[in-house]
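One-letter residues, chain by chain:
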Amino acid sequence: MADKAFLDWFERRGGTYAKDLIGLQDFPDTGRGAVALKDIDEDETLFEIPRDIVLSTRTSELPGLLGEEDWESLGSGWASLILCMMWEEAKGPQGKWGGYFGLFDLPFAKPSMPATFTTLMFWSDEELAQLKGSTILKKIGKSEAEADYLERVLPLIKRRPELFPPVGVAEQYSLERYHINGSRILSRSFHVENWTGKDQNSESDEGSEGPEGMDVDDSKESEDESEEREDTADVGMTPMADMLNARHGLFYEEQVLKMISTKRILKGEQIWNTYGNPPNADLIRRYGHVDLVPMEDGSLGNPSDVVEICADLAVKLVDAEELAQRVDFFLEEGGDDVFVIEAADDALPEDLIVFLRLLLLSPSEWRKAREKESLPKPKPDAESLKLARRVLEERLKEYPTSIEDDETLLKQDTPRNSRSAVIVRLGEKKILRKAMQIVDATLEQLAHKGGKDKKRKRGNKEGDGAGKKLRR
């Protein structure tokens, strides 16, 4: 069995799994994963993972060997965990996590940890150019990761040759290895808080970052905010659990972590651990694939897709006094400089309407709003909707191809990454098209309502006049 080496290592390190219930196999698009060998009932324990084989900055010996000063020189980002992973992997088959990294002297052994990725970090410049218009290009983080490597990690490696032998640096601590391990964290890491002795053995909620459970990084909040906010010490590479490609409950206990089924799983079905419901742009960035399911309009897409609109785009279209001050006021009152429209939305986001109305206030209205520290209400009027239409049009122009172009490309035989890029940008453009249709429909309703109001006012005036004549 190709996975026997890894499973043997897992058991030697104290892990246990239901051998009669789960196995490992390759799946199209998502790669290696777990499969149900027979029907699995709800609340079945699938496997248990000792806390001490979760690879993190808490369990690796490297932080203690480096000392406080050198360790803190790595900063608070992922550089410290990535360096721990490279150091542990460099120990080879005899290292504590050798079996996890797939470092076996066996021809049939399959590594648990991937060494190749189809995520955006590894796309060529030509491939990334096909995502022009999508704001996901600003979230790859490749240049920031390389700056961390060159300015923090590599200098530390060079000044501590007793821990990082120079003969192996070029191969074991290269920039490529740094990116590979960073991508392993991004796609496979779990949030594992330290045991506090409190009630921590309840099922984790989706996107939970609290003590109730252990979960893959996800949630509907900004991925950037989540990744920046998370304590690196709470991020761990978790053998066996990361073989599940996407939800079953992971439960805390003092010494072990348990994966428990939260629904019935039929024989032959893939066993998933959730990564939430990310849009395709985030799926391709973090995991290297996109999702296509039937949509309400009969087409294929991802119902969780979103499109982002930067506030600057609206500001450029408005000629008003103190625009910069208005933007600052909006941010001070809790607004954001990026607006998110979701595929399922049937109206424009309220924060976008508020922002547009703020930009359109007359000088006297703006002064009153600032004095009262009160933003406009999220009630669209004709003026703000017309501005919204222009903003959406300008946002759509940021994509070099049309919706029709992309739909034609999807009918052709294209390379995997190119096809994924088309799917991502097409999903975003369809959201913009739908938003424009919503704006047009709302403007039509307002115009119709305005026409009725005018007739009613004329009728009232005529009635008032007639009444006066009668009283004479």
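Since we're looking at a predicted model, the values are computed, not measured.

Novice: Looking at this structure, how should I read helix H4 (residues 79-90)?
Specialist: Think of an α-helix as 3.6 residues a turn; residues three or four steps apart then line up on the same face. Here H4 spans 16 Å end to end across 12 residues, near enough to the 16 Å set by a 1.5 Å rise per residue. For H4, the tally of buried residues reaches 11 of 12 residues, placing the bulk of the element in the interior. What H4 keeps buried is the set Ala79, Ser80, Leu81, Ile82, Leu83, Cys84, Met85, Met86, Trp87, Glu88 and Glu89. Following H4 by one or two positions, Gly92 adopts a phi angle in the positive range, close to 80 degrees.

Novice: I would appreciate a short explanation of unusual backbone geometry in the present structure.
Specialist: The phi torsion at Glu322 lies on the positive side, around 50 degrees, for a residue other than glycine. Mapped onto the fold, Glu322 is located in the loop between helix H12 (311-315) and helix H13 (323-332). When its relative accessible area of 34% is taken as the criterion, Glu322 is described as partly exposed. Phi angles above zero are rare outside glycine, and Glu373 is one such case at about 50 degrees. Relative to the helices and strands, Glu373 is located in the loop between helix H15 (363-372) and helix H16 (382-397). For Glu373, a relative accessible area of 55% puts it in the exposed group.

Novice: Is there a simple way to explain the packing of H13 against helix H14 (residues 350-360) in this structure?
Specialist: Between two packed helices, the angle of one axis relative to the other and the distance separating the axes together describe the packing. Contact geometry of H13 with H14 gives a least axis separation of 10 Å together with a crossing angle of 150 degrees. Where H13 crosses over H14, the two elements pack in a sense that is right-handed. Facing H13, whose interface residues are Leu323, Arg326, Val327, Phe329 and Phe330, H14 presents Asp351, Val354, Phe355, Leu358, Leu359 and Leu360. Among the residues forming the contact of H13 with H14, the class breakdown is 9 nonpolar, no polar and 2 charged.

Novice: Quick question: what am I supposed to make of the nonpolar core here?
Specialist: Nonpolar side chains in soluble globular proteins tend to be buried together. In this structure, Phe47, Leu83, Val153, Phe164 and Ile271 are the most contacted members of the largest nonpolar core, which totals 60 residues. Tallying contributions element by element places H4 first for this core, with 8 residues. The residues contacting Phe164, other than those within four sequence positions of it, are Leu62, Leu66, Leu83, Trp87, Leu156, Ile157, Val169 and Tyr173. Core analysis: the second largest hydrophobic core is formed by 37 residues, Ile341, Phe355, Val391 and Ile431 among them.

Novice: Where do I start with the packing of helix H7 (residues 142-159) against helix H9 (residues 175-188) in this structure?
Specialist: For the pair H7 and H9, the least separation of the axes is 11 Å and the interaxial angle reads 125 degrees. With respect to H9, the axis of H7 lies oblique. In this structure, H7 crosses over H9, and the sense of that crossing is right-handed. Contact residues: H7 offers Lys142, Ala145, Glu146, Asp148, Tyr149 and Val153, while H9 offers Leu175, Tyr178 and His179. Residue composition of the contact of H7 with H9, by class: 5 nonpolar, 1 polar and 3 charged.

The rules behind each value
- Residues numbered from 1 in each chain as written.
- Predicted model: local features only at pLDDT ≥ 70, side-chain atom pairs only at ≥ 80, totals over all residues.
- Heavy atoms only, no water.
- Helix = DSSP H or I, 4+ residues; strand = E, 2+ residues; numbered from the N terminus.
- Expected span 1.5 Å × (residues − 1).
- Buried < 20%, exposed > 50% of the residue type's maximum accessible area, 1.4 Å probe, protein only.
- Axes fitted to C-alpha atoms, helices over the stretch in contact; angles between N-to-C directions.
- Left-handed = near helix turned anticlockwise from the far one by under 90°.
- Contact = heavy atoms within 4.5 Å.
- Nonpolar A, V, L, I, M, F, W, Y, C, P; charged D, E, K, R; others polar.
- Core = buried A, V, L, I, M, F, W, Y, C linked by side-chain atoms within 4.5 Å.
- Parallel < 35°, antiparallel > 145°, perpendicular 65-115°, else oblique.

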